[in-house]
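Geometric and topological summary
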Amino acid sequence: MSEEPVGPTNPKAPATGHDLSAGLKSRILSGFPALASRNFRLYFIGQIVSMIGTWLQMVAQGWLVLEMTGSAYWVGVAAACSTIPTLFLSLIGGVVVDRYPRKAILLWTQSLSMGLAFILGIFTLTHSVTIPVILVLAFLLGCIGAVATPAIQAFLSELVDRSQLHSAVALNASIFNASRVIGPAIAGLMISWIGTGGAFMANGLSYVAVIVALLAISTAPAPSRVVNEHPFQSIRDGVGYTWRHPILRTIVLYVAAVSIFGWSFMAMLPVVAKQTFGLGASGMGTLFSEFGLGSLTATFFVSMSNSRIPAPKMVVGGILTFTLALLAFTFATAVPLALAFLFVSGLGMLSAFATMTATVQRLVEDRYRGRVMSIYLMVLMGLMPVGNFMVGILSDRFGTALAIRFGTAVTLAATLVLVSSKKRITDAWEAFQAGSTP
């Protein structure tokens, strides 16, 4: 009797460690194609460390302001100062991103952000920090972010092939949300152990990871870009391109509404933790982390779906899930139930936003990428201060729960308008593709 061959030709043969490793790698790359790129892997590792540090600072800043003032209003103001520059400077940032090497822009912006984190840490550790100091440094950090954020989004297209871009966008969102899970939890413990100043210093150190990763990334030379055009003309061209494109225009308008009325609840989580549930710093970190855990789950789902689920269904379903879960959160009286609703709301919100960001990245021409992403991020992040101011004022006058419910109601109304406009958007898109004016 002859022996059966042993090896890959024999399906009955036991799998070797190498086979199992290869099979696992194949499944990972099938679900997350962007990880096949060495450059993206380097970026992924460096950025997630840096973003954990960023969340340390965001949570510690909110807690510090609340302890110094005891006011939900000032917590909202501090949060607004870090995002309001996006509203005024993002368009200029987009022009910069479309003119100069994106890797160099990121190296400069990350280095400057590191310096600001150390300055805030020193002020806090020496007990000389004041509310004006916090607001000024938050504003300066927002100015840097107005250039860095569109640069990061545009840089993704240089790290991966076009076929991997959907996965790269989703995984880039997962960086933000994985850090949202880990950062606040660490921040809560760190604030309890060594104070808010230690959290700010840790954020400064975290920038070393992304700077090292950027230095190790090697990309092809960027195509030549026109740099002699007047900046205001470049801005007009980018705005005009976005407005003429029916799908980009719809996404931008919809994101503007959700940014103001949907995202603003995040600024009130320190208030909810302390005043509604009687939680300390670590408990506050848990609230942030639970929303982030749901968001992280969503971004992995979006990456693995790889556009198999139609984008409109993903966006509408995600926002409906977010609004209903967040509304339920405002009625929760027990912490475990509140955490469950935050998880579901994070799942819905990021399912929608990762899909919209990926859609924008796929549709835009590369020569407009920086400007279009700056417009998209301007309404996504730059309008958040409006929502932060609004929710802070409403919370002081009518209570935090009612303020959040108002925002979710407006977000739900915007979603219903989006659903009712589906046919008009589809017709405009077909006209745009045919070369006619929508």
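All residue numbers here refer to positions counted from 1 along the written sequence of the relevant chain. Given that the model is predicted, a residue must reach a pLDDT of at least 70 before its local features are reported, and side-chain atom pairs must reach 80 or more before they are shown or counted; all residues, however, enter totals for whole chains, interfaces and linings. The side-chain figures draw on all heavy atoms in the structure; neither hydrogens nor water molecules are used.

Topic: the overall build of the chain
The following threshold applies: Each helix is a run of DSSP H or I of at least 4 residues and each strand a run of E of at least 2, with the numbering of both proceeding from the N terminus. Should any heavy atoms of two residues lie within 4.5 Å, those residues are counted as being in contact.
If you tally the helices and strands in the chain, you get 16 helices and 0 strands. Taking contacts inside the chain between residues at least 6 apart in sequence as the whole, the part at least 24 apart equals 86%.

Structural notes on a nonpolar patch on the surface
Our working rule: Like-charged residues within 9 Å of one another, or nonpolar side chains (Val, Leu, Ile, Met, Phe, Trp, Tyr) within 5 Å, are grouped into patches, provided each residue has over 30% relative accessible area and no salt bridge. Shrake-Rupley sampling with a 1.4 Å probe provides the accessible areas, and residues are treated as covered by the protein chains on show and by no other component. Any Lys or Arg side-chain nitrogen found within 4 Å of a carboxyl oxygen on Asp or Glu counts as a salt bridge.
Residues F88, L89 and I92 make up a contiguous nonpolar surface patch of about 290 Å² in total accessible area. Mapped onto the elements, F88 comes out in helix α3 (residues 72–99).

A look at helix α5 (residues 131–159)
For the record, the criterion: Take the number of residues in a helix, subtract one, and multiply by 1.5 Å to get its expected span. Bend, in this description, refers to the angle at a residue between axes fitted to the seven residues ending there and the seven starting there.
In this model, α5 (29 residues) spans 40 Å end to end at C-alpha, consistent with the 42 Å of a helix rising 1.5 Å per residue. G145 marks the point of greatest bend in α5, at about 35 degrees.

Some remarks on empty space enclosed by the protein
As a reminder, the rule being used: With a 1 Å grid spanning the protein atoms alone, the term cavity applies to any set of points in which a 1.4 Å probe fits but cannot get out, the term pocket to an open set with protein on both sides within 12 Å along at least five of seven lines, and the term lining residue to any residue with an atom within 4 Å of a point. Grid points are joined across faces, edges and corners, and a volume is the space filled by probe spheres set on the points.
Taken as a whole, this structure holds 3 cavities of 30 Å³ or more when the rule is applied. Looking at the second largest cavity, its volume works out to about 40 Å³. Every element with two or more residues in the lining of the second largest cavity is listed here: α2 (38–69), α4 (102–125) and α5. Top contributing element to the lining of the second largest cavity by residue count: α5, with 3 residues.

Brief notes about the confidence of the model for the chain
Detail in the predicted coordinates should be disregarded across regions flagged by low pLDDT. Rules: pLDDT measures how confident the predictor is about each residue, on a scale from 0 to 100.
When pLDDT is averaged across the chain, the result is 79; 84% of the residues are at 70 or more. Of all helices and strands in the chain, the one with the weakest mean pLDDT is helix α1 (residues 17–31) (55), whereas α4 scores best (93). Note on residues 1–9: pLDDT is under 50 here. Beyond four places in sequence and across chains, it has 5 contacts.

Structural notes on the packing of aromatic side chains
So the rule is basically this: Two rings from Phe, Tyr or Trp (for Trp, the six-membered ring) form a pair when their centres are within 6.5 Å of each other. A pair whose planes differ by under 30 degrees is stacked, one over 60 is edge-to-face, and the rest are tilted. Using a 1.4 Å probe on the protein chains alone, a residue whose accessible area is under 20% of its type maximum counts as buried, one over 50% counts as exposed, and one in between counts as partly exposed. Criterion for a charge above a ring: Lys NZ or Arg CZ within 6 Å of the ring centre, and within 35 degrees of the ring normal.
If you walk through the whole model with that rule in mind, you get 5 aromatic pairs. Where F40 meets Y43, the ring centres are 5.9 Å apart and the plane angle is 45 degrees; that geometry is what we call tilted. Remark: Y43 and F40 occur in helix α2; sequence separation between them is 3 residues, near one turn of the helix. Classification of F40 by relative accessible area gives buried; the value is 0%. Ring geometry for F40 versus F44: centroids 6.1 Å apart, planes at 40 degrees, classification tilted. A residue pair is termed a helical-turn pair when its members lie 3 or 4 positions apart in one helix, as F40 and F44 do in helix α2 at 4 residues. The burial state of F40 is the same as that of F44; both residues are buried. Among the aromatic residues, those joined into a cluster by ring pairs are F40, Y43 and F44. For R249, the ring lying beneath its charged end belongs to W243, and the centroid distance is 5.3 Å.

Quick look at the environment of I182
Position of I182 relative to the elements: it lies in helix α6 (residues 165–216). Judged by relative accessible area, which is 36%, I182 ranks as partly exposed. Along the backbone, I182 and T286 are 104 residues apart, and their C-alpha atoms lie at a distance of 9.4 Å.

Topic: the nonpolar core
The criterion, for reference: Within this scheme, the nonpolar core is defined by two criteria: the residues are buried Ala, Val, Leu, Ile, Met, Phe, Trp, Tyr or Cys, and they are joined through side-chain atoms within 4.5 Å.
Grouped together as the largest cluster of nonpolar side chains are 116 residues, with contacts concentrated most on F40, W263, F265, M349, F353 and Y376. Here this core takes 16 residues from α6, the largest share from any one element. Excluding residues within four positions of it along the chain, F40 makes contact with A34, L35, L156, L159, V160, A168, L171 and N172. Listed in part, the 8 residues of the second largest apolar core include A72, A267, M268 and M390.

A word on helix α14 (residues 384–398)
Over its 15 residues, α14 runs 20 Å from end to end, which matches the ideal 21 Å to within 8%, given 1.5 Å per residue. Listed in full, the buried residues belonging to α14 are M384, P385, G387, N388, M390, V391, G392, L394 and S395. Following α14 by one or two positions, G399 adopts a phi angle in the positive range, close to 100 degrees.

Remarks on the packing of α3 against helix α7 (residues 231–244)
Stated precisely, the cut-off is as follows: Here an angle of 0 to 180 degrees is reported between the N-to-C directions of two axes, which are lines fitted to C-alpha atoms, with helices fitted over the stretch in contact. Oblique is the label for every angle not falling under 35 degrees (roughly parallel), over 145 degrees (roughly antiparallel), or within 65 to 115 degrees (roughly perpendicular).
Packing of α3 against α7 leaves a shortest axis separation of 9 Å and a crossing angle of 100 degrees. The angle between the axes of α3 and α7 places the two elements in the roughly perpendicular class. Residues L91, I92, V95 and R99 of α3 form the contact with α7, whose own contacting residues are P231, S234, I235 and V239.

A look at the packing of helix α8 (residues 246–261) against α14
We count it as follows: Two helices crossing with the near one rotated counterclockwise from the far one by less than a right angle form a left-handed crossing, whereas a clockwise rotation gives a right-handed crossing. Residue polarity follows a fixed list, in which Ala, Val, Leu, Ile, Met, Phe, Trp, Tyr, Cys and Pro are nonpolar, Asp, Glu, Lys and Arg are charged, and the others, Gly among them, are polar.
Between α8 and α14, the shortest axis-to-axis distance is 7 Å and the interhelical angle comes to 35 degrees. The handedness of the crossing between α8 and α14 comes out as right-handed. Where α8 abuts α14, its residues S259, I260 and F261 lie against M384, V386, G387 and M390. The class makeup of the residues in the contact of α8 with α14 is 5 nonpolar, 2 polar and no charged.

A look at the environment of T323
Structurally, T323 can be placed in helix α11 (residues 311–329). By relative accessible area, T323 is classed as buried at 3%. The sequence separation of T323 and G346 amounts to 23 residues, and the corresponding C-alpha distance is 9.9 Å. With near-sequence residues (within four places) excluded, T323 lies in contact with T408, T411 and L412.

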